[in-house]
Structure formats: C-alpha cells, structure tokens
Amino acid sequence: MIAVVSLAIIAVSIVFQISGGAYKTTSRDAFHALVSAEVWANPGFLFRLLLGETACEQLSIPDGEPVSVSTMIVWSIRVPRTLVGLLVGVNLAFAGSIFQAITRNEMASPYLLGINQGAGLSISLIIVLFPWLVPLIPVFAMLGGVGAFFVVYAIAWNHGASPVRLILAGVIVGAVASAVQTALRYMISDISVMQNAMNWLSGSLIGSNWVQVRMILPWSILTVVLSLSLTRPLDLLMLGDQTATSLGLNVEKWRFLLAFVGIMAAASSVAVAGLVGFVGLIVPHVVRSLVGSPHRRMFVGCLFAGPALLVLADVISRLALNPIQLPVGTITGTVGGVFFLFMMRRKKEFGKL
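Residues numbered from 1 in each chain as written. Predicted model: local features only at pLDDT ≥ 70, side-chain atom pairs only at ≥ 80, totals over all residues. Heavy atoms only, no water.

Observations concerning the environment of V79
Consideration 1: Among the secondary structure elements, V79 is positioned in helix α6 (residues 69-103).
Consideration 2: The class for V79 is buried, based on a relative accessible area of 11%.
Consideration 3: V79 sits 193 residues away from V272 along the chain, and the two C-alpha atoms are 15 Å apart. (Helix = DSSP H or I, 4+ residues; strand = E, 2+ residues; numbered from the N terminus. Buried < 20%, exposed > 50% of the residue type's maximum accessible area, 1.4 Å probe, protein only.)

Let's talk about the pattern of salt bridges
Consideration 1: Enumeration according to the criterion identifies four salt bridges in this entry.
Consideration 2: Where R255 meets D241, a salt bridge forms, and the shortest distance between an N and an O atom there is 2.7 Å. A residue pair is termed long-range when its members are at least 10 positions apart, and R255 in helix α14 (residues 251-273) and D241 in helix α13 (residues 241-246) qualify at 14 residues.
Consideration 3: Assessed through its relative accessible area of 0%, R255 is described here as buried.
Consideration 4: Measuring nitrogen to oxygen at the nearest pair gives 3.5 Å for the salt bridge that ties R255 to E252. You can see R255 and its partner E252 sitting in helix α14, three residues apart, about one turn around the helix. (Salt bridge = Lys/Arg side-chain N within 4 Å of Asp/Glu carboxyl O.)

Some words on unusual backbone geometry
In terms of backbone geometry, most residues other than glycine have negative phi values and most peptide bonds are trans.
Consideration 1: Non-glycine residue F278 carries a positive phi angle of around 75°.
Consideration 2: By the secondary structure assignment, F278 is in the loop between α14 and α15 (279-291).

Brief notes about a nonpolar patch on the surface
Consideration 1: Taken together, the side chains of V151, I155, I172, V176 and V180 present a nonpolar region at the surface, about 390 Å² in accessible area.
Consideration 2: Where the nonpolar patch is concerned, the elements lending two or more residues are α8 (137-156) and α9 (163-185).
Consideration 3: The element best represented in the nonpolar patch is α9, accounting for three residues.
Consideration 4: I155 gets classed as partly exposed once you look at its relative accessible area, which sits at 40%. (Patch = residues over 30% accessible without salt bridge, like charges linked within 9 Å, V, L, I, M, F, W, Y side chains within 5 Å. Areas by Shrake-Rupley, 256 points an atom, 1.4 Å probe, with all protein chains shown as cover.)

Some remarks on helix α7 (residues 115-129)
Consideration 1: Spanning 15 residues, α7 covers 21 Å between terminal C-alpha atoms, matching the ideal 21 Å at 1.5 Å per step.
Consideration 2: Taken across its 15 residues, α7 has 11 buried, putting it largely inside the fold.
Consideration 3: Within the span of α7, buried status applies to I115, N116, Q117, G118, A119, G120, L121, S122, I123, S124 and I126. (Expected span 1.5 Å × (residues − 1).)

Section: the environment of S229
Consideration 1: Looking at the element boundaries, S229 is found in helix α11 (residues 210-229).
Consideration 2: In the structure, S229 is positioned 90 residues away from V139 in sequence and 24 Å away in space, judged by C-alpha atoms.
Consideration 3: In this structure the side chain of S229 is engaged in a polar contact, spanning 3.1 Å, whose partner is the backbone oxygen of V225. (Polar contact = N/O pair within 3.5 Å; in protein donor to acceptor, adjacent residues only side chain to side chain.)

So, to be careful, I would describe these as geometric facts and stop short of saying anything about function.
Dropping the structure here:
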C-alpha cells in the first residue's frame, strides 16, 4: 500500500514538476521531452549530463547534438531537481529511522541530534571563508556531521551513552552550531551569496542540477545497501540496552557504527539541499504505524515514502506562488509541525518506542 500510494504521488508530482514553472510547457510536451529521440539517441548529450563536462573531456566523449529549448529545460533543470528531491527524501527517511532506533525515541532525527547543524556549520564555513573549496562540500559536510556526533557522544558519555543523554547533548550542540551559522551570515557582503546561504539554511532545491545528482547518488546507494544489511542490530537496539546485550550485541559499538550510517545519509542530503527539516521525523513515524517496527519493512517503506513526501513538498514550494519559489524546508517544516502537534495531542505516550 505504501509503495503504490507513494509511487502515485511521485508520478503526479513529476508531471507538475517537469511541466510547470516560468517556462510554460504542457504535460504532453514535457512527456515528449522526456522520451524524445533527440535525447535517447544522443549519447553525447546524455553523457555530458550524467558525467559532467570535465569527465567527458577527459574521456574524449564527443559533444552531443543540439536539442530543442523545451527539451534542454526539462533535462537540464527540471529532471535533475526531481532526482535530487527523490534522493534527499530517501536519505533523510533512512537517517531518521536509524536515529530513532538507536535512541529508542520517535522524536529523534538528524536535526534533533545536532548532525544537520554540524554539517551545516562546516558548509557555512566553506561558503563564507573558503569559497575555493566549494567543490568539496560533500566531504566537509560529512566531516561536520561526524564531528558534531563525536561532540554529542562525548557530552552524553557517562559509562555509556544513554538515548536520553544523546538527545539532550544533540539539542545543545545543535543550538550552538545554529548560533555560529547565524553569526557567519553577518560576515557575507555579497548579496547573491547571502541569498544562496539563506536558501540553503532554509532547506531548498532551488538551483539543483546534475552536479548535485552526482554528489548525492553514491551516498544514497551506500546508505540503502548498508541500512538494509544492518536491520538485525537495529531491531535488537529497540529492545533496550540490557536485552540487546543479553542477546550478544555490543550495544555501544553498534550504536556508534549505525549512527555513522545515519550521519552519512543526513550529511550528504545537507550538502545538496541544505537544512530540510521534519522529513526524518514524519516518514519513519508514518511508516512504522503502518508496517510495524521491524526495520526491514520500515526501510522498504521509507524507500518509497521519503521521496514521495519531499518531491510533493518541492512541487508545492515551487509552483504554489509561481513565479516566486519558496524553500522546500518551509513546506516540510509547516506540515511537520502541524502533524506532530496533532500526534502529541492524540497519543499520551508519543515520543517513546
């Protein structure tokens, strides 16, 4: 059910995404652009989209044949933005599932544990102080997320790191990192850089292209593969530390290793889309309520529901006030806040697994 509903949402969202915008195209023209022979029979054009100009020049791949304006817009702007949305949705949903398991709290997420803010702080430093390192943003986002988690773990450690102490430490680290990011904004003198920084801090897919697709795709594949292969320790951690230990699980080792997978997923998403909130909270909670707690089922559900939520939110943020584009984080934040307020009022035990 989750797969069918999610695929339907994704299909409808893609139709609006590739046909709507400042450059008007009908759904039929957009579909023709997607399946056009001038693209699929044009390997030079496809390789330059997928691999980039530099890689094609190094591999001596010839230039592709020119394509029509509508086809160029669809394939150069709208298709990569959709793909980035799909991949970010997968990563955030998986990261949220992992962090909720290792903390045994359905309110946990990369944002709540300070991971997003740590990755964001490292990227802010690159944008403001070291702009020549922008091509290495995914690497620095990963390092920032890992560094933030090390600090969180160190603060929370007291003969072990309990789930509650991890969350409290994450809130502290996240608050400090956010404050430093705010201070860095005042150091930006270029208005265009300031606008990009604001979009990024709000969580946005504006300007996404094939560069972002190439940045996040390897990490998304690695996240899915590792997560699906590590469902057993995640299921054991949800039983509690004492029970997991009695069943032969090294709790601290696996909590740390699984957290690193979640950091990898969250940091790669932050690197291409900024601080998109609530996806890692909403999706795991909804999927868990429908399929139960076993993580093999949960991850399969998140594989469909995460992309559906983010692509739908991006379509709304892009087309609701056309030609004005809102950051997608404003949509997910609004929906997520209302959703969790509703759940807190209905469920007395909300926040526990």
